[in-house]
Amino acid sequence: MSSDLVVQRPEGLYCPPGDFFIDPWRPVDRAVITHAHADHARRGHAHYLAAAPAEGVLRARLGEVTLQALAYGEAVEHRGVRICLHPAGHVLGSAQVRLAHGGQVWVASGDYFVSGADDHNPTCAPFEPVRCDCFITESTFGLPVYRWRPQREVYADIDAWWRANAAEGRASVLFGYSFGKAQRLLAGVDASIGPIVVHGAVEALNAAYRAAGVALPPTLLGTEVSDKALLQRALVVAPPSVQGSPWLRRFGDYADAFASGWMQLRGTRRRQGLDRGFVLSDHADWPGLQRAIAATGASRVIVTHGYEAVMVRWLSGQGLQAGSFATEYGDDRLEPDAVA
């Protein structure tokens, strides 16, 4: 529709009246970035606009870029479009993009996590519902099978696994995406069980989180530890890209696990040859998606990456005007973490 505030272009999601893009996947002059995961924040744009808490992680991942940082709730106007960023609860600095123009309000969610009363992710600001006419939502876990357990229960399981391995003299290697998931794991586990060792890709992001004021327990780089007795009690947090790599040899006999929403399906864990799978996601589950969409009050919803067709059918059944955008966004498994 000619009056739409966001449309699809080959470069990405485009705002015609404002002449800028949201999370474009091709180089553009102006990009509004929802968060710093590699499928949403790419190199090559002339100008970036993002939430202020994301500045450190964006620079850690993209290097020197022309970046305008906007505080949550602060508004800026560009070519008559009022842009405001609101917390998405996904990772440090993640934001929903609110656009207001010509009497319309649209919100592009990026990726988001809707927490319950006891499930707030302490490493980033919680999701904030934003009223709008049209809501562009992700659907990474947009199937009824995806329903997250309370995170305290998941952390209790991780701690018990770590304690049991330490008692048997085995390191506990826990795979999690280096940006977002790794820091959430570090903030949630019981650091008194033993030392925590991290991969260099994780530590680089830890530094950005700590600089932003996020409390994380002390961590050691794997290359800094030579005491085998210490390694045998350690929790090792590393990106999934190191699975089966020479980097892991230093830990000797170890148990391994993966923390991800994809672990909800047992077949996923089995195919990856893991000892354990812990279901912990930084994306909204099926009930969370429904709550988030309802809270916007939007009469029109556009679904992006994930289970678009399922979500569109469900939304249409609720009497909403529903459609989808074809995007190049993934599920955070596009992390460019080099094995080292």
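Residues numbered from 1 in each chain as written. Predicted model: local features only at pLDDT ≥ 70, side-chain atom pairs only at ≥ 80, totals over all residues. Heavy atoms only, no water.

Draft legend 1. Representation of helix α4 (residues 200–211) in the model. Here α4 is 12 residues long and its end C-alpha atoms lie 17 Å apart, about the 16 Å a rise of 1.5 Å per residue gives. By the burial criterion, the buried members of α4 are Ala201, Val202, Leu205, Asn206, Ala208 and Tyr209. Across the axial projection of α4, the buried residues extend over an arc of 165°, all falling on one side. Along its buried surface, α4 packs onto α1 (55–62), α3 (181–188), β13 (196–198) and β15 (235–238). (Helix = DSSP H or I, 4+ residues; strand = E, 2+ residues; numbered from the N terminus. Expected span 1.5 Å × (residues − 1). Buried < 20%, exposed > 50% of the residue type's maximum accessible area, 1.4 Å probe, protein only. Arc of directions from axis to C-beta. Contact = heavy atoms within 4.5 Å.)

Draft legend 2. Seen up close, the nonpolar core. By size, the foremost hydrophobic cluster in this structure holds 44 residues, and its most contacted members are Val57, Leu58, Ile158, Leu174, Tyr209 and Phe278. Secondary-structure elements contributing two or more residues to this core are β5 (47–51), α1, α2 (151–167), α3, β13, α4, β15 and β16 (254–259). Discounting chain neighbours no more than four positions away, the residues touching Ile158 are Leu174, Leu185, Val189 and Phe278. The next biggest cluster of nonpolar side chains, apart from the first, holds 24 residues, and it includes Leu13, Trp25, Val32 and Ile136. (Core = buried A, V, L, I, M, F, W, Y, C linked by side-chain atoms within 4.5 Å.)

Draft legend 3. Looking closely at the packing of aromatic side chains. The full count for this structure, using the stated rule, is 15 aromatic pairs. Centroid distance Tyr112 to Phe135: 6.1 Å. Interplanar angle 50°. Geometry classified as tilted. Residue Tyr112 is located in the loop between β10 (104–108) and β11 (134–139), and its partner Phe135 is located in strand β11; the two are separated by 23 residues in the primary sequence. Consider the rings of Trp286 and Trp314, whose centres lie 5.9 Å apart with planes at 70°: the pair is edge-to-face. Taken together, the positions of Trp286 in helix α7 (residues 286–296) and Trp314 in helix α8 (residues 308–317) put the pair 28 residues apart, joining distant regions of the chain. When its relative accessible area of 6% is taken as the criterion, Trp286 is described as buried. (Phe/Tyr/Trp six-rings, centres within 6.5 Å; stacked < 30°, edge-to-face > 60°.)

Draft legend 4. Examining the layout of surface pockets more closely. Taken as a whole, the second largest pocket holds about 180 Å³ of empty space. Lining the second largest pocket are 17 residues, with Phe113, Asp119, Trp148, Arg149 and Asp285 sitting closest to its centre. Secondary structure elements with two or more residues in the lining of the second largest pocket: α2 and α7. At three residues, the largest contribution of residues to the lining of the second largest pocket is made by α7. When the residues that make up the lining of the second largest pocket are grouped by side-chain class, the tally is seven nonpolar, five polar and five charged. (1 Å grid on protein atoms, 1.4 Å probe; cavity = no way out; pocket = protein on both sides within 12 Å on 5 of 7 lines; lining within 4 Å. Points joined across faces, edges and corners; volume = space filled by probe spheres on them. Nonpolar A, V, L, I, M, F, W, Y, C, P; charged D, E, K, R; others polar.)

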